Amino acid sequence: MIRHHAVWVGLAIGLLTGCSEPPYALPDRDAAEVQAEEARLATLLPAELLGGPGTCQVRLLGRDGSSSFAWAHCEAAPGVGEVSGVSVPVRVDGDRVTQPGDGSEYSASVRRMFPERLAEKVLDDDTDVRP
């Protein structure tokens with residue numbers, strides 16, 4: 001009887017282990033092509049996300065064809081006592097930037113913007129996705 005239960009437990013564990021996917025692998029930031037894309041996005045994003053001059057730190061999260069997925073932390077150029085910025089996941093298709101909606105729209109829009117496994121990593125608020 002104990003052997004019978006052990007077989008079922010072993011099968012269940014094997015089935016669960018076989019069904020789980022490995023964690024989403026982020027691009028290697030030491031790779032030249034990743035550094036080049038992060039630099040391109042850091043130049044493009046201030047105008048798109050801040051509506052003017054500023055600086056962005058970017059973490060490339062992945063690519064799919066001509067689409068790049070990233071997390072951007074941007075700060076506006078210093079003004080007269082004003083400090084503003086944004087920290088947000090983005091999808092960039094060529095020069096077109098898409099960012100998620102606010103509040104209750106955030107989760108659904110992230111799921112539309114990113115591949116499924118990457119969307120889950122972003123929504124889990126994994127600190128690895130931040131620049």
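Just above, that's the structure.
This text gives an overview of the structure that appears in the document. Note that the coordinates shown come from a computational prediction; the quantities given were computed from them, not determined experimentally.

1. Observations concerning the pairing of strand β3 (residues 85–93)
In regular strands, side chains alternate between the two faces of the sheet. Relative to β3, strand β2 (residues 67–76) is paired through nine bridges, and the arrangement is antiparallel. Following the sheet pairing, His-73 is matched in β3 by Ser-87. Two strands pair when backbone bridges link them, and β3 and strand β4 (residues 96–98) are joined in this way by three bridges, in the antiparallel orientation. Residue pairing across strands places Arg-91 opposite Thr-98, the latter belonging to β4.

2. Looking at the state of the cysteines
Cysteine pairs can be linked by a disulfide, which is a covalent bond between their two sulfur atoms. This model, assessed by the stated rule, comprises one disulfide. Between the sulfur of Cys-56 and that of Cys-74 lies a disulfide, 2.0 Å long from S to S. Across the disulfide from Cys-56 to Cys-74, rotation about the S-S bond amounts to roughly 110°, and the bridge is consequently right-handed. Linking Cys-56 in strand β1 (residues 54–64) with Cys-74 in strand β2, this pair joins segments that are 18 residues apart in sequence.

3. Re the packing of helix α3 (residues 106–113) against helix α4 (residues 116–123)
Between α3 and α4, the shortest axis-to-axis distance is 8 Å and the interhelical angle comes to 145°. Where α3 crosses over α4, the handedness of that crossing is right-handed. Facing Tyr-106, Ser-107, Val-110 and Arg-111 of α3, the residues of α4 in contact are Ala-119, Glu-120, Val-122 and Leu-123. Here the residues of the contact of α3 with α4 are counted per class, giving five nonpolar, one polar and two charged.

4. Points about the nonpolar core
Judged by nonpolar contacts, the single largest core of 16 residues is most densely connected at Leu-41, Leu-45, Leu-49, Val-90, Val-92 and Val-97. With five residues, the single largest contributor to this core is helix α2 (residues 32–50). The contact partners of Leu-41, leaving out residues within four places of it in the chain, are Val-58, Leu-60, Ser-68, Ala-70 and Val-92.

5. Considering α4
Taken together, the buried positions of α4 are Leu-118, Ala-119, Lys-121 and Val-122. Along the long axis of α4, the arc covered by the buried residues comes to 160°, so they all point the same way. Summarising the contacts, the buried residues of α4 are in contact with β1, β2, β3 and α3. With its phi angle positive at about 55°, Asp-125 sits one or two positions after the end of α4.

6. Comments concerning the side chain of Glu-37
Looking at where Glu-37 falls in the secondary structure, it is placed in helix α2. The contacts of Glu-37, once residues within four sequence positions are left out, are Leu-60, Arg-63 and Ser-68.

7. What about the sheet that holds β3?
Pairing is antiparallel across the open sheet formed by four strands, whose spatial order is β1-β2-β3-β4. In the strand order of this sheet, the two ends are held by β1 and β4, each with one partner. Neighbouring strand axes in the sheet, compared pairwise and without regard to direction, differ in orientation by 30° on average. Helix-sheet contacts for α3 involve β2, β3 and β4, and the interaxial angle to β3 is about 35°.

Reading the values: rules and limits
- Residues numbered from 1 in each chain as written.
- Predicted model: local features only at pLDDT ≥ 70, side-chain atom pairs only at ≥ 80, totals over all residues.
- Heavy atoms only, no water.
- Pairing = 2+ DSSP bridges.
- Helix = DSSP H or I, 4+ residues; strand = E, 2+ residues; numbered from the N terminus.
- Disulfide = S-S within 2.5 Å.
- Axes fitted to C-alpha atoms, helices over the stretch in contact; angles between N-to-C directions.
- Left-handed = near helix turned anticlockwise from the far one by under 90°.
- Contact = heavy atoms within 4.5 Å.
- Nonpolar A, V, L, I, M, F, W, Y, C, P; charged D, E, K, R; others polar.
- Core = buried A, V, L, I, M, F, W, Y, C linked by side-chain atoms within 4.5 Å.
- Buried < 20%, exposed > 50% of the residue type's maximum accessible area, 1.4 Å probe, protein only.
- Arc of directions from axis to C-beta.

Geometry only, nothing functional implied.
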